[in-house]
Amino acid sequence: YATEQLEPFLRFDAVYPDADRDGQNEEFRTFTAGVNWYLVPGSSAARFSFDAMYMLDDEAGSLVNPSDNTGVLASDGDDQFTVRAQFTLVF
């Protein structure tokens, strides 16, 4: 945590398929940077999350399928970029 209410984060994700997969043997890598902001200091019951994701590889040649849940559109091009915002309330 940077403060009691602010939590920055960085993430690297990668999918490296086995060489024996037919037709889908390309890797898929992403970098994500973001921040969580908690409404109440010291409590994770309510927070805003903001992040930006940069995809180094195309989804079409990888095992990764597009997901409507994340808002990332299907693409066969490299270098995709997406920005997300989310509010979480736990009760």
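Our subject is the structure that appears above.
Describe in detail the overall build of the protein chain, supporting the description with residues and values.
Summing up its helical and strand segments, the protein chain has zero helices and four strands in all. Each helix and strand of the protein chain, ordered N terminal to C terminal, gives the series β-β-β-β. Looking at the protein chain alone, contacts between residues at least 24 apart form 52% of all its contacts between residues at least 6 apart. Entry remark: accessible area of the protein chain is about 6300 Å², with carbon and sulfur atoms responsible for 53%.

Help me get a handle on the packing of aromatic side chains, residues and values and all.
For the structure on display, the rule yields five aromatic pairs. Measuring from centroid to centroid gives 5.0 Å for Phe12 and Phe31, while their planes differ by 45 degrees, and the two rings are tilted. Linking Phe12 in strand β1 (residues 6–15) with Phe31 in strand β2 (residues 28–38), this pair joins segments that are 19 residues apart in sequence. A relative accessible area of 44% means that Phe12 is categorised as partly exposed.

Quick rundown of the sheet that holds strand β3 (residues 46–55)? Include the residues and the values.
Across the sheet, four strands lie side by side as β1-β2-β3-β4; this open sheet has antiparallel pairing. Of all strands in the sheet, those with a lone pairing partner are β1 and β4 (80–89), marking the two edges. Going across the sheet, the axis of each strand differs from the next one's by a mean of 15 degrees, ignoring polarity. Relative to β2, β1 is paired through ten bridges, and the arrangement is antiparallel. Its bridge partner lying in β2, Leu6 is registered against Trp37.

Residues and numbers for the side chain of Asn36, please.
Mapped onto the elements of the fold, Asn36 is located in strand β2. By relative accessible area, Asn36 is classed as buried at 9%. Other than its neighbours up to four places away in sequence, Asn36 contacts Gln5, Leu6, Glu7, Phe9, Arg47, Phe48 and Ser49.

Each value, and the rule that gives it
- Residues numbered from 1 in each chain as written.
- Predicted model: local features only at pLDDT ≥ 70, side-chain atom pairs only at ≥ 80, totals over all residues.
- Heavy atoms only, no water.
- Helix = DSSP H or I, 4+ residues; strand = E, 2+ residues; numbered from the N terminus.
- Contact = heavy atoms within 4.5 Å.
- Areas by Shrake-Rupley, 256 points an atom, 1.4 Å probe, with all protein chains shown as cover.
- Phe/Tyr/Trp six-rings, centres within 6.5 Å; stacked < 30°, edge-to-face > 60°.
- Buried < 20%, exposed > 50% of the residue type's maximum accessible area, 1.4 Å probe, protein only.
- Pairing = 2+ DSSP bridges.
- Axes fitted to C-alpha atoms, helices over the stretch in contact; angles between N-to-C directions.

Geometric descriptors of this kind do not, in isolation, establish any biological role.
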